[in-house]
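If you want the building blocks of each chain, they are given just below.
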Amino acid sequence: MDPTPILARLSPQALDPLIRRLFLADGPCAAPGDRPVPLSRLLSFTGEQPALSERGLSGVAAALVEQASGGAAGEVDQALTTALTSSLRALADTGMDDADAVRLLPAAFARRLCEAVPGATRGLPPDAAQLHGLLLDAAALHILHFLTRRSPYVAHTLVEQTRTLAGLIDGHGSAAPRTPPPAPEDTTSRDAAFEARYARATATLHNHLTIFGIDLTHSPDSWPLDAAYLGLQCEPGPQDGEAAAPGAAGQDDPPVPAEQALSGRGKVLVRGVAGSGKTTLLQWLTVATARGELPEALAELRGRVPFLLPVRRFARAGLPAPGTFLSAVGYQEAKDAPADWTERVLDAGRALLLIDGIDEAPESDREAVRRKLVEWTARYPGNVWIVTSRPSAVPGGWLAGEGFSELSLAPMNREDVAAFIQRWHRAAAQQSPADLDRLGHYERTLLNAVRITRDLGRLATNPLMCGLLCALHRDRRGYLPNGRKELYDAALSMLLERRDRERAMVATDGVELTRQPKIQLLQKLAHWMLVNGRSEMDRATAVETLARHLPAIPDAARQGGSEEVFRHLLNRTGLLREPTPGTVDFVHRTFQDYLAARATVQRHDFGLLLDHAHHDDWEDVIRMAVALARPDECAALLDGLLAPHPGVRAAEARHRKLLAAACLEHAAELDPAVRARVRRFTRDMVRPSTPAAARALGWIGPIVLEMLPDPTHVPDSEAHLLAITATSIADDMAIDYLTGLRERAHHDIRAQLAGAWRRHDTARYAREIIAHLDPAELYFPVSDLAELHALRRLGGRPHLQIAGPFTPGQLIEGIAPAEGLTRLWLAYDLGVSMEWLSAFPELDTLRIGRRIPPVRGVPDGIRLVQM
């Protein structure tokens, strides 16, 4: 079937009136246009008294079929009309709002409708099934274009998608998106064969993770992703949170599994601190997509072609062109790809583009990266884009104008940390180590230590730090250093000094260095990367850098030249790696920053730190420099952060002062006058005026609690902002401050306090905060069994928010008294039918989070509210 004449007949003038019939006419009852609106509320064929009957919906589908066929009736038209009617009816079942739909763009939106009715075209002849696809693509385009015209909110928020849709209709004069010409049959078969080879190679390439110090005696370079991946959780970005339900305003949305958070999103920016698992998440998506093993929540990614593009590899040259994607992702057989294969995948809207580490690009080049992303997403609609970055590397809403939503990787909670420690020790036991009989003891004592030791609990918030704690705890036979500086020093000792000794390694390369020369040389490489704004360097540059410094380190110089020493550091330290032939980087950015800070302090180059203190990629270096500096140097550095600095804007000056406050906890010894000066300069800054500013103050850490004003006598509006700041600090020191807010009657304050439960010790928070909150119209979140049982001991609560994985049996047993529950908010997909709710006789309302799939089996008498 030649689609050209069909597409020509599907003109905007013919389709627009038909598509409008699917939606309610504007009027006093029309849904608002100043915020996202569920599609089900906009449709004319839903509700108790639909404006468009079932026959009318079938009439719209028949008119579309007739328009495509040029008015000629065919014997399969009735079956095709029935199939198209089913696909259009699926608009009511997507669970999306108008903004979600427009984010997907036509090809992905049409696929969503097809997936909702998987058997719609079963039994149709091939030509009829192809025509169904063409009609659904055309309808999807006009539906999305209609939504951008109907809603000022959508048009203003999703500017790039709105332009793209308008261009597809007006610029091309066709109802269908740009369709590449059909490939010859031999090209199609070659593409399919190559794609299968690429998928296998990609799964193999990325199916590994580094688990630091799994086994010093038999330490592998990596661990299979299948065994090591710990499901990560995401929190919505500030502009992406679900609209609060009535009675739930001010309450935080709970973190949800990454696959659930990413579901249905065509463009996402994922933020996460160093070591939080950003790269791991993208590796998992790459492998699962290549293998066809994606969970049901990410079914829309099935069949896509993944491209994992680490920004560090091309930070200076800019994002690669599609023709060089295969080389950029590290595919060894790139030269064997069929000509223009990548372009065909992108044109068809079948790619999954994973752009890892925007923060790895120099700050001055990030705007060029953004422009390239804008160009790509407009040129290749229908593909899925997931971009990662450190939180402060790019401003909020950096890609919002291009239709990107934002998510943040959540810190690991108590259950995540416990699961990681248990999995780490199981992985270590599988290596059959000499200390197998002691691993169980190590696991139990470490689980207890991170639970009761404040410093360790604060460090164990991401996979990297948890891995280091596990390795060091085992390496030191059950003892751990205190504080971040001591932890990194001990990690370097373990990796640089004991690693080879424990493995009984002899010097096979003719070079045998002790710990200190290794550190000095690695510091030179880290310092070069810091000064040059790089997270990766050419091998030749690394060798040249070592050559300049070797004469000053005689223990290393007498054992070989710079090339031999470089190979020794690469092969024997466990801190360097070769991501691609001819380049070198540190196994994790955290080690690079720590070693760069050591080098800077040793060089007394505090002016360099002060010149760059307002740049986000220097934050961790400066905090570590404060921990490493002598008292007088530390005082001078903090005073320099407070003082005016040439060329620094007002917002940057404020950031520098807040950084000084964040550094206080790292200063082992500091002149009290300097400490008082830092607090004086920052005291007025810790009275935020907006929720976003209040949340950002949590970045400073527990020290900010000492600067916040007494909450007892401030008005409710300010008390709410103080509650946001204090609850964003995941440290039990915050509980003492929050006790001054627990008696407030204002709903938003109570909701903020209730929503922070998961960040603190369960029993203490329940006793000192939850027990004192007035339960009126307040949803109490429960994310694990400990919280559920704590609420039961408090006598239960009438309104609960399910914010974690439970089985029906656990909830039936744990929610007591059963007759006390009147409202339930499901913010976590339990993946089961809802008949179990009949165990709660007084339950009258079930609220379903916006990203929860439609539920089934809700007992009669319970009102279902889809948010």
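Above this text you will find the structure in question.
Every value quoted in this text rests on a predicted model; they were computed, and no experiment measured them.

For the rest of this paragraph, the subject is the overall build of the protein. When its secondary structure is counted, the protein shows 37 helices and 17 strands. Taking the intrachain contacts of the protein between residues at least 6 apart in sequence as the baseline, contacts between residues at least 24 apart amount to 70%. Total accessible area computed for the protein in this model is approximately 35,100 Å², and 52% of it derives from carbon and sulfur atoms.

Within the fold, S535 resides in the loop between α21 (515–531) and β10 (537–538). The exposure class assigned to S535 is buried, which follows from its relative accessible area of 6%. Here the side chain of S535 touches E360 through a polar contact of 2.4 Å, side chain to side chain.

Before going further, it helps to spend a moment on the packing of aromatic side chains. Tallying each qualifying case throughout the model produces 14 aromatic pairs. Ring centres of Y488 and Y594 lie 5.1 Å apart, and the angle between their planes is 45°; this geometry places the pair in the tilted category. In this pair, Y488 is assigned in helix α20 (residues 484–502) and Y594 in helix α25 (residues 589–602), connecting sequence segments 106 residues apart. Like Y488, the residue Y594 is buried in the burial classification. Here a set of aromatic residues connected by ring pairs shows up, and it is made of F194, Y198, F307, F325, Y331, W341, W376 and W385.

This next bit is on the sheet that holds strand β9 (residues 405–409). Pairing within the open sheet is mixed, and its 7 strands lie in the order β4-β3-β9-β5-β8-β7-β6. For this open sheet the edge positions go to β4 (256–257) and β6 (305–310), each flanked by a neighbour on one side alone. Sheet analysis places strand β7 (residues 351–356) next to strand β8 (residues 384–389), joined by 4 bridges and oriented parallel. Paired with L353 across the bridge in β8 is W385.

With that out of the way, let us pick up the pairing of strand β16 (residues 845–848). Of the two faces of β16, the one holding T845 and R847 and the one holding L846 and I848 are both buried throughout. The pairing of β16 with strand β17 (residues 863–866) spans 4 bridges and is classified as parallel. In the strand pairing of β17, T845 is matched with R863.

A separate point is the pattern of salt bridges. The final tally for this structure, using the stated rule, is 41 salt bridges. Close ionic contact of R302 with E296 constitutes a salt bridge, the shortest N to O distance being 3.3 Å. Under the relative-accessibility criterion, R302 is labelled partly exposed at 39%. For R742, the salt bridge is made with E743, and the minimal N-O distance between the two is 3.7 Å. Judged by relative accessible area, E743 falls into the exposed class, the value being 58%.

With that settled, consider the environment of R190. For R190, the position within the fold is in helix α9 (residues 185–206). In sequence terms R190 and P338 are 148 residues apart; their C-alpha atoms lie 6.9 Å from each other.

For the rest of this paragraph, the subject is the nonpolar core. Grouped burial of nonpolar side chains is what soluble globular proteins tend to show. Of all hydrophobic cores here, the largest spans 148 residues; its most connected members are L521, L575, F586, L638, L753, Y765 and L824. Each residue touching L521, except ones within four places of it in the same chain, is listed here: L513, L546, L550, I553, A556, V565 and L569. Counting 53 residues, the second largest nonpolar core, distinct from the first, contains L15, L57, V60 and L88.

Another aspect to go through is unusual backbone geometry. Omega for the peptide link from A816 to P817 comes to 0°, which places this bond in the cis form. With a phi close to 55°, R477 is a non-glycine residue in the positive phi region. Here R477 lies in the loop between α19 (463–475) and α20.

What counts and how
- Residues numbered from 1 in each chain as written.
- Predicted model: local features only at pLDDT ≥ 70, side-chain atom pairs only at ≥ 80, totals over all residues.
- Heavy atoms only, no water.
- Helix = DSSP H or I, 4+ residues; strand = E, 2+ residues; numbered from the N terminus.
- Contact = heavy atoms within 4.5 Å.
- Areas by Shrake-Rupley, 256 points an atom, 1.4 Å probe, with all protein chains shown as cover.
- Buried < 20%, exposed > 50% of the residue type's maximum accessible area, 1.4 Å probe, protein only.
- Polar contact = N/O pair within 3.5 Å; in protein donor to acceptor, adjacent residues only side chain to side chain.
- Phe/Tyr/Trp six-rings, centres within 6.5 Å; stacked < 30°, edge-to-face > 60°.
- Pairing = 2+ DSSP bridges.
- Salt bridge = Lys/Arg side-chain N within 4 Å of Asp/Glu carboxyl O.
- Core = buried A, V, L, I, M, F, W, Y, C linked by side-chain atoms within 4.5 Å.

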